[in-house]
Amino acid sequence: PSPLEYKNNNLYFDGKRLDAIAAKKRTPFYLYSKKTLRHYYEHFSKAAVKNNLPSPLVCYALKANSNKDVLAQLKKMGSGADVVSVGELKKALKAGIDPQKIVFSGVAKTAEEIRFALKCGKKGIYSFNVESIEELQLINEIAKKEKRIARVAFRLNPQVSAKTHKHISTGNKTHKFGLLKADIVEALEAREFWTNTTLVGLSIHIGSQLTEMKATVKAIEEISKLALSIDVALEFLDLGGGLGIDYTAEEKSKLTSIDTYMKTVADALEKYYYSKTDHCPRVVFEPGRIIVGKMGVLVSRVVRTKVSDSNHFTIIDAGMNDLIRPALYEAYHEVLPAQASKKLIKTDIVGPICETSDCFGSKRKLPALSAGDLVVIDNAGAYGQTMASSYNEREIATEYFV
Ligand code: LLP
């Protein structure tokens, strides 16, 4: 569900009129709905339980949105965290998330980051999701110096092609992510890597904004085969994140729902793994977008409009520095006026940045707006503010909750 709704042609967010919410705020700003956030987290975590997955752990991927109130709310509901930098790790810890619910992904963990993660809390983090042999070696070295045992999981590169934008597909052999099966098997035999590390899991993450499940099922088959072939009693299988959301009404019907996703995952695990063994490790998930995507919008005001020959431009005060997804992935975000009208024109909604890609939508059907009118850019809760920059010396947009 979306927090947005039109009543008598006025746009409401979580039951409050948008123009009233925006009245005293500087635009552009991000606006989040706690209610929607709770809905998605609960739906996701309950679906895992409903499908009888053994002690599922949701490690929310902070990169999607690391706002401190978002994290506080998720912590309250029991969420763990998937982090990819010491900055994210510190934010998760500050929100009170138990280190034993934190997994650390990413190909470039530095010695400093590894040391910090190893030493936080009593026992360090739940798992380093290792992406290379070199990284494993370094973790072992640091753990030895610190007289600790590091908990590690191998991220398998399952060699599948996830159907999504090429910039956010991550499970193929040519991608920098994960380790090939043969390399994992070889590393397991190299005893010098394991004096101060212990293998507790295996992980996969094949891409983001996934709408169909074929590649995911294939990847689960691959990780299951690997898990069954090695002589280690794993504590968990980390299935990553990636479940997509509907950015358009048309997408909604084609999308995999949370329930279907969980059922598909549970069935695949049963078929390829649990039915073949007595030892069933728990499942870890790293969802980002599905938890926070739909809870947020970017609120902006029209600066002016402009006509060049047959082209009409609605120029707004939000730009690609606030929300880069359309410019970077040609992502579609709905643009909605605060006041609806039946009379529509075709217009390009563009921002203030000096780049042609600073465009939120071309030839969109919108009412003829004028300076000061409010619009929202929908579904901006995930990968919005976290990817914002101060390009063109612009301020980073403030985030508010209703
Ligand atoms: N786990 C790992 C290891 C990841 O790399 C990612 C996302 C996630 C979990 C969370 O994936 P999600 O559930 O959010 O799909 N900026 C892009 C998306 C990049 C995703 C990067 N990795 C966008 O705006 O579409």
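Read on for a plain summary of the structure. (Residues numbered from 1 in each chain as written. Predicted model: local features only at pLDDT ≥ 70, side-chain atom pairs only at ≥ 80, totals over all residues.)

### Structural notes on the overall build of the protein
Counting its secondary structure elements, the protein contains 12 helices and 19 strands. Relative to the 2.2 N^0.38 estimate, which gives 21 Å for 402 residues, the radius of gyration of the protein is 23 Å and therefore close to what a compact globule would have. With respect to the principal axes defined by its C-alpha atoms, the protein has extents near 70 × 40 × 40 Å. Per-residue burial for the protein yields a buried fraction of 46% across its 402 residues. Looking at the protein alone, contacts between residues at least 24 apart form 75% of all its contacts between residues at least 6 apart. (Helix = DSSP H or I, 4+ residues; strand = E, 2+ residues; numbered from the N terminus. Rg over C-alpha atoms; globule rule 2.2 N^0.38 Å. Buried ≥ 20, exposed ≤ 12 C-beta atoms within 10 Å, placed from the backbone. Contact = placed C-beta atoms within 7 Å.)

### Considerations on the site of the ligand
Taken together, 21 residues lie around the ligand, and Ser 208, Gly 241, Gly 288, Arg 289 and Tyr 383 are the ones closest in. Split by residue class, the shell around the ligand holds 8 nonpolar, 8 polar and 5 charged. (Near = placed C-beta within 6 Å. Nonpolar A, V, L, I, M, F, W, Y, C, P; charged D, E, K, R; others polar.)

### A closer look at the pairing of strand E12 (residues 282-285)
Pairing between strand E5 (residues 57-61) and E12: 2 bridges, direction parallel. Residue pairing across strands places Val 58 opposite Phe 285, the latter belonging to E12. Note that strand E11 (residues 236-238) and E12 share 3 bridges and pair parallel. Bridge pairing in E12 places Phe 236 opposite Arg 282. (Pairing = 2+ DSSP bridges.)

### What about the packing of helix H2 (residues 34-50) against helix H3 (residues 68-76)?
Their axes nearest at 11 Å, the elements H2 and H3 cross at an angle of 40 degrees. The angle between H2 and H3 places the two elements in the oblique class. In the crossing of H2 with H3, the sense of the turn from one axis to the other is right-handed. When H2 is examined against H3, the residues Lys 34, Leu 37, Arg 38 and Tyr 41 are found in contact with a partner set consisting of Val 70, Gln 73 and Leu 74. Of the residues assigned to the contact of H2 with H3, the class counts are 4 nonpolar, 1 polar and 2 charged. (Axes fitted to C-alpha atoms, helices over the stretch in contact; angles between N-to-C directions. Parallel < 35°, antiparallel > 145°, perpendicular 65-115°, else oblique. Left-handed = near helix turned anticlockwise from the far one by under 90°.)

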